[in-house]
Amino acid sequence: MAITAYSLGAAQEVTGSKHILEIDGRCFMIDCGAFQGKRAEADRKNREFSISPDKIEGVILTHAHYDHSGLLPILTKRGYGGSIYATPATRDLANIVMMDSARIQARDAEFLAKQAARKKEKFTWKPLYTESDCVQAANQIITVGYNRKMYIAPDVQLEFFDAGHILGSSLVYLTVSGQRKSGAKGDAAAAHWHRLFESESAENIPSARDSDEVRILYTGDLGRKNKPIIRNPAVNMPPPDYIFMESTYGDRLHAEASSAMKELEKIVRRAVDTGAKIIIPTFAIERAQELVFYLHLLSDQKKIPPIPIYMDSPMAVNATGIYQLHPECYDKETNEAFLAHHKNPFGFNSLQFITSVSESKELNNKEGPMIILSADGMCEAGRILYHLANNISNPKNIILIVGYMSEHTLGRKIQEGQKEVKILGDWYKVKAQVKQLDSFSAHADYQEMTDWLKAVDTSRLKKLFLVHGEKNAQEHLSLHLAENGFNNVEIIKYGETYSLE
């Protein structure tokens, strides 16, 4: 049995997660995410697939964020006809993410075509995919609940554990058996179903002895303990031989949530006193719902005065509805709020959902104070661009950064303090106050990643691979892990192949 691994994205960078596990020449893809960053470079990368879809036997989706799920429609459009495995909540959120991306691309194509026509230039750019391509991809998703074992090939067993990152996010645990029957794909499929029907449960399915198994764990994006709404990252799982772990915040520590709440309270109070607008670029999934949760909490505790709050993102509005449909992902407190007390932590009187373009434009004419939550979280697309264009040059206003900003994105440029930025083709002076609250991040920091590893049974661990992180962050994390007893750590490089013996 020959097992190798390589990455076609999120290798010494944060976006574009696409990891390949090759078993005796058969490929399994973990995530199929889009690149974000410099527009031309990201577009080129998103159009280049260096693996043929007919080589892929199965696709596994860790969670719904765009940089993990955004290129699934390209994969199916180019001929991949197999299954895509995900948790039920991930399936529902990924549907929203893919469709939203298709609509944004269609609008971008229309906008750019008009610009080219005015300049009498040739226009050739086309969207990566359409809404119908998204429907096809969604049709191929098979849902698997947490802690439910499922054979996705005769010798490959999949189990999802809660990653504690966003709703439905999962740690992907794969058990590869050393005893594989040879034969065509049809024979393999027949053997697979024979196994399932012969046994009453996954535990009874005949498998190779432990010594003949290779156990591989992909973290996807690893969450944090004690976050609202969702559960903590799982630690109770069989000991893996190999771990592929994200490293986004490999060189940073998050502030305590309590201090972030105090800072958020101060920022809101300042905005009320000065009549300012607080513009918050936020990911439509997880971050938007979490911020609403925290603002609701501050409002209930009378720590902030009344202030209009607008969620201006159709995808965030739809995602909030999906959150309400999946109580199986909630932590104990959120479950009790919904089931025992019938309270909705995702909505309160100060909050208004904005769906139409006309309603969004009306916010430009309204005086502050107000809070506007709008996607995209990295300021690369969506309505947040228009809110930034209309408010970033007013020194009274506040741009509040609450999440990770990848290299070369507009969000990173604002975060790093650039005095002038280009938005929708025009240059704007950055005169608004720029504030940052790291503790709302859904990614574990380097100490939280280390603590999680210590809580997991690593008695069989042969090697720990780092993915999904910038080079400096990965190098810092690797040193920190070595100081904590994890010496066999390797940073995955794009296109390089790694043997899992």
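Residues numbered from 1 in each chain as written. Predicted model: local features only at pLDDT ≥ 70, side-chain atom pairs only at ≥ 80, totals over all residues. Heavy atoms only, no water.

1. Regarding the sheet that holds strand E16 (residues 398–401)
- One open sheet holds the six strands; their spatial order is E14-E13-E15-E12-E16-E19, and the pairing between them is parallel. A single partner strand is all that each edge strand has here, and the edge strands are strand E14 (351–354) and strand E19 (433–436). Taking each pair of neighbouring strands and ignoring which way they run, the sheet shows an average axis angle of 20°.
- For strand E13 (residues 309–312) and strand E15 (residues 370–374), the ladder comprises three bridges, and the chain directions are parallel. Residue Tyr-310 lies in a different strand from E15, and its bridge partner there is Ile-372.
- Against the sheet, helix H8 (residues 287–300) contacts strand E12 (277–281), E13, E14 and E15, and its axis sits at roughly 155° relative to E15. (Pairing = 2+ DSSP bridges. Helix = DSSP H or I, 4+ residues; strand = E, 2+ residues; numbered from the N terminus. Axes fitted to C-alpha atoms, helices over the stretch in contact; angles between N-to-C directions. Contact = heavy atoms within 4.5 Å.)

2. Digging into the confidence of the model for the protein chain
- Residues of the protein chain with pLDDT of at least 70 account for 91%, and the chain-wide mean is 88.
- Segment residues 180–209: pLDDT under 50, and 28 contacts once partners within four positions in sequence are set aside and those in other chains are kept. (pLDDT = per-residue confidence, 0-100.)

3. A word on the sheet that holds strand E20 (residues 463–467)
- A sheet is described by the order of its strands in space; here seven strands give the open sequence E7-E8-E9-E10-E11-E20-E21, paired in mixed fashion. Where the open sheet ends on each side, the last strands, each with one partner, are strand E7 (150–153) and strand E21 (489–491). Sheet twist, expressed as the average angle between the axes of neighbouring strands with direction ignored, equals 25°.
- Strand direction decides the pairing type here: E20 and E21, joined by three bridges, are parallel. Opposite Phe-465, over in E21, you have Glu-490 as the bridge partner.
- Against the sheet, helix H14 (residues 446–455) contacts strand E9 (170–176), strand E10 (214–218), strand E11 (242–246) and E20, and its axis sits at roughly 160° relative to E11.
- Sheet contacts for helix H15 (residues 471–483): E11, E20 and E21; angle to E20, the most-contacted strand, approximately 155°.

4. Focus on the packing of aromatic side chains
- Scanning the model with the defined rule gives eight aromatic pairs in all.
- Ring geometry for Tyr-249 versus Tyr-404: centroids 5.6 Å apart, planes at 85°, classification edge-to-face. Taken together, the residues span a long stretch of sequence, with Tyr-249 in the loop between E11 and helix H7 (257–274) and Tyr-404 in the loop between E16 and helix H13 (410–415) at a distance of 155 residues.
- Three or more aromatic residues link up through ring pairs in this structure, and these residues are Tyr-218, Tyr-242, Phe-244, Phe-465 and Tyr-498. (Phe/Tyr/Trp six-rings, centres within 6.5 Å; stacked < 30°, edge-to-face > 60°.)

5. With respect to the nonpolar core
- Leu-21 and Ile-216 are the most contacted members of the largest nonpolar core, which totals 104 residues.
- With eight residues, helix H4 (residues 88–118) is the largest single contributor of residues to this core.
- Setting aside its immediate chain neighbours within four residues, Ile-216 contacts Ile-3, Leu-21, Val-172, Tyr-173, Leu-174, Val-176, Tyr-242, Phe-244 and Leu-500.
- Judged by nonpolar contacts, the second largest core, of 26 residues, contains Val-14, Cys-379, Leu-410 and Val-421. (Core = buried A, V, L, I, M, F, W, Y, C linked by side-chain atoms within 4.5 Å. Buried < 20%, exposed > 50% of the residue type's maximum accessible area, 1.4 Å probe, protein only.)

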